[in-house]
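Residue strings, one per chain:
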Amino acid sequence: MTDLVPFSGHTLCNSKSELGEGPTFDPGTGTAWWFNITGQQLHELHLDSGRKTSHSLPFLGSVLAVIDPLRQLIASDQGLFIRDTKDFKLSHFARLEDKPGNRSNDGRVHPCGALWIGTMGRKAEKHAGAIYHVARNRVTKLYSNITIPNGICFSPDGAAAYFTDTDVNHLMRVELDPLTALPTGDPVLLSDESANPGGIDGAVCDADGLIWNARWGAGAVEVYKPDGQKVARYALPASQPSCPAFVGAKAERLLVTSARQGLNDAEHAADPHAGKTFELGIQVKGRFEPAFRL
């Protein structure tokens, strides 16, 4: 078992999200973005100044991707939308699926500019979700019968994708065409975490190909080599970390969202930082997330 490194970071945002998720960073503006999915909020934090803004949304948003300085792509329970960064207007871009009982969850942009995005039942109904590939406005279903899609991230060369169904807790790897982000083979098991505490949640892949995964229910970020070997575990002061993102001028810092969803009164009292957003407190060799290519 890899030793747990004590938390040496700090709280970036004291706002407690019911379900903090989908963090990303825009290096052009020095701004970190993340969602409170169930609260229908988009959070904006300018790292250098500490200026924080919360934007209300008309849907359950979960993933944001930069398109250009004037536009962002947002994945939600109502499909994909383009958000104007000046007037905050939203315009419908594409439909993911015809399942009103579902919402979007985890997703990342591939180096080629395509998006992988997962969907799931609003109450995590078994096998209700899927993982989709979005290239421009074309949506292709990749994997069906997913309960809680998570861990979506890509190797630095774009030749591999990683993902999980948190309900199963198997970290999977699949070979890709790096020019399209479409699979070229079947997914293979990288790490079976079903016997270990907590669940594989959101993940990012750094410049060396290491996979940084938020371990929901275990209060930690865990690090895997591309062959699935777990090489590090870093503690967080909240039991339900949900997703990491590389932030900072050189993508050298790691932001981690968390959640307080599902905690009863006693668990809330024992987990007072649940739902806050943290910086891990170590230097990493991160990569900025690519822009979504229209």
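The notes below deal with the structure included here.

Rules used throughout
Residues numbered from 1 in each chain as written. Predicted model: local features only at pLDDT ≥ 70, side-chain atom pairs only at ≥ 80, totals over all residues. Heavy atoms only, no water. 1 Å grid on protein atoms, 1.4 Å probe; cavity = no way out; pocket = protein on both sides within 12 Å on 5 of 7 lines; lining within 4 Å. Points joined across faces, edges and corners; volume = space filled by probe spheres on them. Helix = DSSP H or I, 4+ residues; strand = E, 2+ residues; numbered from the N terminus. Nonpolar A, V, L, I, M, F, W, Y, C, P; charged D, E, K, R; others polar. Core = buried A, V, L, I, M, F, W, Y, C linked by side-chain atoms within 4.5 Å. Buried < 20%, exposed > 50% of the residue type's maximum accessible area, 1.4 Å probe, protein only. Contact = heavy atoms within 4.5 Å. Polar contact = N/O pair within 3.5 Å; in protein donor to acceptor, adjacent residues only side chain to side chain. Pairing = 2+ DSSP bridges. Disulfide = S-S within 2.5 Å. Axes fitted to C-alpha atoms, helices over the stretch in contact; angles between N-to-C directions. Phe/Tyr/Trp six-rings, centres within 6.5 Å; stacked < 30°, edge-to-face > 60°.

### Things to note about empty space enclosed by the protein
Evaluated as defined, the whole model comprises two cavities of 30 Å³ or more. Of the volumes computed, that of the largest cavity is approximately 180 Å³. Arg108, Val204, Cys205, Arg287 and Glu289 are the residues nearest the centre of the largest cavity, which is lined by 17 residues in total. Taken together, the elements giving at least two residues each to the lining of the largest cavity come down to β3 (20-26), β11 (102-109), β15 (149-154), β20 (199-205) and β24 (241-247). A class-by-class count of the residues in the lining of the largest cavity yields 13 nonpolar, one polar and three charged. Quantified by volume, the second largest cavity comes out at close to 60 Å³.

### A short note on the nonpolar core
The nonpolar side chains of a soluble globular protein tend to be buried, and buried together. Among the nonpolar cores identified, the biggest contains 17 residues, and Leu73, Leu80, Phe93, Leu115, Ile117, Val134 and Phe292 are the most heavily contacted of them. If you list the elements that add at least two residues to this core, you get β7 (61-68), β8 (71-76), β9 (79-84), β10 (90-94), β12 (115-121) and β13 (129-135). If sequence neighbours within four positions are ignored, Phe292 has contacts with Ala65, Val66, Ile67, Leu73, Phe93, Val109, Gly113, Leu115, Val134 and Arg136.

### Topic: the side chain of Arg233
With respect to the secondary-structure elements, Arg233 resides in strand β23 (residues 230-235). Among the residues examined, Arg233 registers a relative accessible area of 14% and is labelled buried. Among the polar contacts made by the side chain of Arg233, one reaches the side chain of Glu222 at a distance of 3.0 Å.

### A short note on the pairing of strand β4 (residues 31-36)
Of all six residues that make up β4, six are buried, and the element is covered over most of its length. Along β4, one buried face is formed by Thr31, Trp33 and Phe35 and the opposite face, lined by Ala32, Trp34 and Asn36, is buried too. Of the strand pairs in this sheet, β3 and β4 are connected by five bridges, and their pairing is antiparallel. Opposite Asp26, over in β4, you have Thr31 as the bridge partner. As consecutive antiparallel partners, β3 and β4 are separated by four residues, and within that stretch Gly30 has a phi angle of approximately 65°, a positive value. Inspection of the sheet shows β4 paired to strand β5 (residues 41-46) by six bridges, in the antiparallel sense. Bridging across to β5, Phe35 finds its partner in Leu42. In this antiparallel pair of consecutive strands, β4 and β5, the connection spans four residues, and Gln40 shows a positive phi of 50°.

### Remarks on the state of the cysteines
Tallied over the full model, the rule gives zero disulfides. In this structure Cys153 is a free cysteine whose sulfur lies 5.2 Å from that of Cys205, the closest cysteine sulfur available. With no disulfide of its own, Cys243 lies closest to Cys153 among cysteine sulfurs, the gap being 9.2 Å.

### Observations regarding the sheet that holds strand β25 (residues 253-258)
Strand order in the open sheet formed by four strands is β2-β26-β25-β24, with antiparallel pairing between adjacent strands. Strands at the two margins of the open sheet, each flanked by one partner only, are β2 (10-13) and β24. Along the sheet, successive strands turn relative to each other by an average axial angle of 30°, direction set aside. Looking at chain direction, β2 and strand β26 (residues 277-279) are connected through three bridges and run antiparallel. For Cys13, the partnering residue across the bridge sits in β26 and is Thr277.

### What to know about the sheet that holds β23
Pairing within the open sheet is mixed, and its five strands lie in the order β1-β23-β22-β21-β20. Since the sheet does not close on itself, it has two edges, and those belong to β1 (4-5) and β20, each with one partner. Note that strand β21 (residues 211-216) and strand β22 (residues 220-224) share five bridges and pair antiparallel. In the strand pairing of β22, Ile211 is matched with Tyr224.

### Some points on the packing of aromatic side chains
Per the stated rule, a full pass over the model turns up nine aromatic pairs. Between Phe25 and Phe288, the aromatic rings sit 5.9 Å apart at their centres with planes inclined by 25°, giving stacked as the arrangement. Of the two residues, Phe25 sits in strand β3 while Phe288 sits in the segment after β26, which places them 263 residues apart along the sequence. On the numbers, 4.9 Å between centres and 35° between planes, the contact of Phe59 with Phe81 is tilted. With Phe59 in the loop between β6 (52-56) and β7 and Phe81 in strand β9, this pair connects stretches of sequence that are 22 residues apart. Grouped by ring-pair contacts, the aromatic residues Trp116, Tyr143, Phe154 and Phe163 constitute a single cluster.

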